[in-house]
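# Observations on the model geometry
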Amino acid sequence: MADTPPRALTIAGSDSGGAAGLEADLRAMTACGVHGCVAVTAVTVQNSLGVTGVHLVPPDTVAAQVRAVVTDIGVGAAKTGMLASREIIDAVADVVDEVGVGRGADPDAERRGAGPSTSVPFVVDPVAASMAGEPLLAEDAMEAIRGRLFPRAALATPNLDEVRLLVGITVTDAATAREAAEALHALGPRYVLVKGGHLRGSPEVVDLLFDGERTWEFTGPRIDTPHVHGAGDALASATCAALARGLAMPDAVASAERYIRRAVAESYPLGAGVGPVSPLWAVQPHR
Ligand SMILES: Nc1ncnc2c1ncn2[C@@H]1O[C@H](COP(=O)(O)OP(=O)(O)OP(=O)(O)O)[C@@H](O)[C@H]1O
Ligand SMILES: Cc1ncc(CO)c(N)n1
């Protein structure tokens, strides 16, 4: 028998194609050495071509899953993916307060010598749409992510489309990325990661981490693949896994960045559309 590994929780929707959503989250957590638990928010009918159906889980059932996991199994960190509706976001905000998940990875606590975290770090990935542009969040719900989840977040991880929806800034270069990071940080997360994957014209991918004072730039060559389905989910989940293993935020993001770059490099075609980033290099086939 092995020791119990660190645990992490994803609060997210299911992708039947097994590329994005909670399926991507669990794979990334496993590949990063962490036992992943789930609170399912929605079932999507999805493949490599897009999303053709969505069935929401009742908000009470989402909250009950979070409660069941945290009170019995215990988690070192949690993250959100597709939250679908304002009602589910409200239920998640209430239940994370109830069970003691939220913020965490507090730089001020570190400076005070109070340890790296005052509670279970909460990573909020403000998922708004699928890769093909189908909505994964009700139109009135981004306000609830901003108002109810960002103040509880240790880290927010918007892509550039989500940045535009959240703070109305179009990121085109380093200066506008910094401007966006400041506007997002003012909404409450301890750290913000502005992801540059969507700046498709650029030969480099730059993700910018900001804590209100310091910035960390994670830069790498843009890998030549169309198969980046689930990249954002995998990055947030790898960060959540690293936080569950006890890393401080900048180190957790750095470790997730190393992971996602390898996963993008190992992405593969699937179906007739967009394939997933892959963690398969990190697991041993059973012999
Ligand atoms: N072609 C690429 N080469 C290298 N890194 C990439 C590439 N595309 C995306 N990434 C990395 O993948 C992560 C996700 O980035 P992106 O900005 O695409 O987020 P996202 O839109 O939330 O992802 P998705 O919707 O595909 O799940 C970032 O760390 C980004 O730097
Ligand atoms: C269920 C689900 N969550 C998140 C995304 C975004 O990657 C997706 N396409 N599907």
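Given the structure is predicted, the values throughout are model-derived calculations rather than measurements.

## Examining the UniProt feature "domain: Pyridoxamine kinase/Phosphomethylpyrimidine kinase" (unreviewed entry) in the chain
- The UniProt record marks residues 15-101 and 120-277 with the feature "domain: Pyridoxamine kinase/Phosphomethylpyrimidine kinase" (unreviewed entry), using the residue numbering of this structure.
- Helix makes up 46% of residues 15-101 and strand 29%, and the two end C-alpha atoms of the span are 25 Å apart.
- The span residues 120-277 is 37% helix and 15% strand, and its two end C-alpha atoms sit 28 Å from each other.

## Quick word on the packing of helix 6 (residues 160-167) against helix 7 (residues 174-185)
- Following both chains from N to C, one finds helix 6 and helix 7 inclined at 55 degrees, their axes separated by 10 Å at the closest point. Classified by the angle between their axes, helix 6 and helix 7 sit oblique to one another. Our pair here, helix 6 against helix 7, has a crossing hand that is left-handed. Along its contact with helix 6, which presents Val163, Leu166 and Val167, the element helix 7 presents Ala180, Ala183 and Leu184.
- Residues of the contact of helix 6 with helix 7, tallied by class, amount to six nonpolar, no polar and no charged.

## Comments concerning the pairing of strand 7 (residues 191-194)
- Neither face of strand 7 is open: one carries Tyr191 and Leu193, the other Val192 and Val194, and all of them are buried.
- In this structure, strand 6 (residues 155-156) lies alongside strand 7, joined through two bridges in parallel fashion. Its bridge partner being in strand 7, leucine 155 is matched across the sheet by tyrosine 191.
- Direction of pairing for strand 7 relative to strand 8 (residues 204-210): antiparallel, over a ladder of three bridges. Pairing of valine 192 across the sheet is with phenylalanine 210, part of strand 8.

## Re the confidence of the model for the chain
- In the predicted model, the chain carries a mean pLDDT of 93, and 95% of its residues have values of at least 70.
- Within the model, the stretch residues 110-118 combines pLDDT values under 50 with 15 contacts to residues more than four positions away or in other chains.
- Among the scores for the predicted complex, ipTM is 0.97 and pTM is 0.95.

## A closer look at the site of ligand 1
- Neighbouring ligand 1 are 18 residues, the closest being Lys195, His198, Val205, Asp207 and Gly232.
- For ligand 1, an oxygen atom lies 2.9 Å from a polar atom in the side chain of asparagine 159.
- Between ligand 1 and aspartate 233, the relevant distance is 3.3 Å, taken from an oxygen atom to a side-chain nitrogen or oxygen of the residue.
- Taking 620 Å² as the accessible area of ligand 1 by itself, protein coverage stands at 93%.
- When residues in the shell around ligand 1 are grouped by element, the largest group, four residues, is from helix 8 (residues 231-244).
- Grouping the amino acids of the shell around ligand 1 by side-chain chemistry returns nine nonpolar, five polar and four charged.

Conventions used here
- Residues numbered from 1 in each chain as written.
- Chains lettered and ligands numbered in written order.
- Predicted model: local features only at pLDDT ≥ 70, side-chain atom pairs only at ≥ 80, totals over all residues.
- Heavy atoms only, no water.
- UniProt positions renumbered as here; feature names shortened; annotations may be inferred.
- Helix = DSSP H or I, 4+ residues; strand = E, 2+ residues; numbered from the N terminus.
- Axes fitted to C-alpha atoms, helices over the stretch in contact; angles between N-to-C directions.
- Parallel < 35°, antiparallel > 145°, perpendicular 65-115°, else oblique.
- Left-handed = near helix turned anticlockwise from the far one by under 90°.
- Contact = heavy atoms within 4.5 Å.
- Nonpolar A, V, L, I, M, F, W, Y, C, P; charged D, E, K, R; others polar.
- Buried < 20%, exposed > 50% of the residue type's maximum accessible area, 1.4 Å probe, protein only.
- Pairing = 2+ DSSP bridges.
- pLDDT = per-residue confidence, 0-100.
- Near = heavy atom within 4 Å.
- Polar contact = N/O pair within 3.5 Å; in protein donor to acceptor, adjacent residues only side chain to side chain.
- Areas by Shrake-Rupley, 256 points an atom, 1.4 Å probe, with all protein chains shown as cover.

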